[in-house]
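# Fold and geometry: a report
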Amino acid sequence: MPIHGSSLRRSFMCTLAGLAAACTLGAHAQQPAYPSKPVRIVVGFSAGGTTDIVARLMAQELTESLGQSFVVDNRPGGGSNIATDLVRQAPADGYTLLFVAVTSTINQTLYPNVKFDLMRDFDAVALGAKVPNILVVNPSVPAKTVPELIAWARANQDTASYASSGSGTSIHMAGEMFKVRTGLQTQHVPYKGSAPAMTDLIGGQVHFMFDNMPSAWPHVQSGKLRALAVTTRKRSPSAPDVPTMEESGIAPFDVTSWFGLLAPKGTPPEIVARLNKVMNEAFDKPAVQQAYAKLGAVAEKNTPQDFARFIDAEVKGWAPVVKASGARVD
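Summary of the structure given here.

Cut-offs used in this document
- Residues numbered from 1 in each chain as written.
- Predicted model: local features only at pLDDT ≥ 70, side-chain atom pairs only at ≥ 80, totals over all residues.
- Heavy atoms only, no water.
- Salt bridge = Lys/Arg side-chain N within 4 Å of Asp/Glu carboxyl O.
- Helix = DSSP H or I, 4+ residues; strand = E, 2+ residues; numbered from the N terminus.
- Core = buried A, V, L, I, M, F, W, Y, C linked by side-chain atoms within 4.5 Å.
- Buried < 20%, exposed > 50% of the residue type's maximum accessible area, 1.4 Å probe, protein only.
- Contact = heavy atoms within 4.5 Å.

## Digging into the pattern of salt bridges
- The final tally for this structure, using the stated rule, is 16 salt bridges.
- One salt bridge in this structure joins Arg235 and Glu247, with 2.9 Å as the shortest N-O distance. Of this pair, Arg235 sits in the loop between strand 8 (226-230) and strand 9 (256-264) while Glu247 sits in the loop between strand 8 and strand 9, and the two are 12 residues apart along the sequence.
- A salt bridge links Arg309 to Asp306; the shortest N-O distance between them is 2.7 Å. A residue pair is termed a helical-turn pair when its members lie 3 or 4 positions apart in one helix, as Arg309 and Asp306 do in helix 12 (residues 304-325) at three residues.
- Among the charged side chains, a network of salt bridges with common partners joins Arg40, Asp73 and Arg75.

## What to know about the nonpolar core
- Of all hydrophobic cores here, the largest spans 54 residues; its most connected members are Phe70 and Leu275.
- Looking at which element gives the most residues to this core, the answer is helix 2 (residues 50-66), with seven residues.
- Among residues more than four places away in sequence, those in contact with Phe70 are Tyr34, Pro35, Val39, Ile41, Ala59, Leu62, Thr63, Leu97 and Leu275.

## Comments concerning unusual backbone geometry
- For the bond running from Tyr34 to Pro35, omega is -5°, close enough to zero to count as cis.
- Within the secondary structure layout, Pro35 lies in the loop between helix 1 (5-30) and strand 1 (39-43).
- Between Ala251 and the following residue, Pro252, the backbone shows a cis peptide bond with an omega angle of -5°.
- Residue Ser80 is not a glycine yet carries a positive backbone phi of 80°.
- You can see Ser80 is positioned in the loop between strand 2 (70-74) and helix 3 (81-88).
- The class for Ser80 is buried, based on a relative accessible area of 4%.

Dropping the structure here:
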């Protein structure tokens, strides 16, 4: 039976369609499911700090849930800018991630020549935790409330001083926000880290400090320091009797040390979504909740879009505070 031209054309087109389908299936077969190898989570601070602790907790959850190792790589230096720029230049394949902290949003204004832009160069994955700062005073300061501290600082403005873990940190910026909101002219004394600042605060060389709750709270519990307020809008579950700054009459006041996961810009959306899902699920686990409670940390389930909006708001919110403080790092 003769084969007509139309039949030949249909046969040829079917053959092409079959080949295309086979090629597509082959391409998908060659693309391994994520993650198919270990993933590096870069942290811009030394091991043992709050950022590192939360990063390792989330890395463990990701490892257990996704069946590949998520390894924390500490790259301290430059106020975390070294780590941030390293990840900015990494391939957008989901295998090099950044565990970012509030410091990076402050650095956008603090460093005039910073190489990265958090909104332009990264995809937000998930907000991992929020940790309040807490206003603590040496017991020699006769203040048991924030208004009493303000009155004492005004009466002793030539000698009153507050410590920080370094210029540009959230601890420093909380102090500057306090000065802006109250008009106080207390002296800022920067240290090379929270530990030496805390040592001098306990020793009475400085009078007060807005420290991260995990490092300050044990000294409050031991009686070496007195807690006046937390800097978040809600009270900390770990210190329910300590009022907020806003409850103490200083408003608006919302300073939070926070940590979260970023990926290089252009990371496949399905990878971002998968990482976000695992982190949100981790917040419901009793072991994670207990670990967060010890840190005074709070977890909030969020989408990548939520976290992106949060970062943008933090960059814009810190800019005027940094400028008002006069802090600058070249």
